[in-house]
Amino acid sequence: QVQLVNSGGGLVQAGGSLRLSCAASGSILSIRTMGWYRQAPGKQRELVATITSGGTTNYADSVKGRFTISRDNAKNTVYLQMNSLKPEDTAVYYCNAAGVLTGTGRLFDSWGQGTQVTVSS
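Below or above, wherever it landed, is the structure these notes cover. (Residues numbered from 1 in each chain as written. Predicted model: local features only at pLDDT ≥ 70, side-chain atom pairs only at ≥ 80, totals over all residues. Heavy atoms only, no water.)

## Observations regarding the pairing of strand E5 (residues 46-52)
Note that strand E4 (residues 28-39) and E5 share 6 bridges and pair antiparallel. Looking across to E5, one finds that Thr33 is bridged to Thr52. Between E4 and E5, which follow one another and run antiparallel, lie 6 residues, and Gly42 among them has a positive phi close to 75 degrees. Relative to strand E6 (residues 57-59), E5 is paired through 3 bridges, and the arrangement is antiparallel. By the bridge assignment for E6, Thr50 is matched with Asn58. (Pairing = 2+ DSSP bridges. Helix = DSSP H or I, 4+ residues; strand = E, 2+ residues; numbered from the N terminus.)

The structure is reproduced here in structure tokens:
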């Protein structure tokens, strides 16, 4: 009932920048929190950054000062601007959205399909 579509990602040299975006669509009444998570090979999925509908942000310590999360509530879209990228940022990045469905009023918690970010040294 809620679909998330990623765009962005790719291959970049260390020190470079990339921008990810993720648009949510479907039976959405409201989205409370949107965020980005990542999973490197052999590791668990970890939080990168989240943002509430009111604009409150939360970042993993490893990306503070380098990554910026933002959202366009009118477009149900979340962005992740990644600067000063490091090889250890290499991972599949997933977007997440949690909110309320129209009609039923039930909560949803949906994930995007993931996009590869590779940072070469």
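That was the structure; now back to the text.
## Here we look at the state of the cysteines
Per the stated rule, a full pass over the model turns up 1 disulfide. Here Cys22 is linked by a disulfide to Cys95, with a sulfur-sulfur distance of 2.0 Å. Disulfide Cys22-Cys95: the torsion about the S-S bond is 45 degrees, which places it as right-handed. You can see Cys22 sitting in strand E3 (residues 18-26) and its partner Cys95 sitting in strand E9 (residues 91-101), a full 73 residues away along the chain. There is no split in this pair, since Cys22 and Cys95 are both buried. (Disulfide = S-S within 2.5 Å. Buried < 20%, exposed > 50% of the residue type's maximum accessible area, 1.4 Å probe, protein only.)

Remember, this is a structural readout, not a statement about activity or role.
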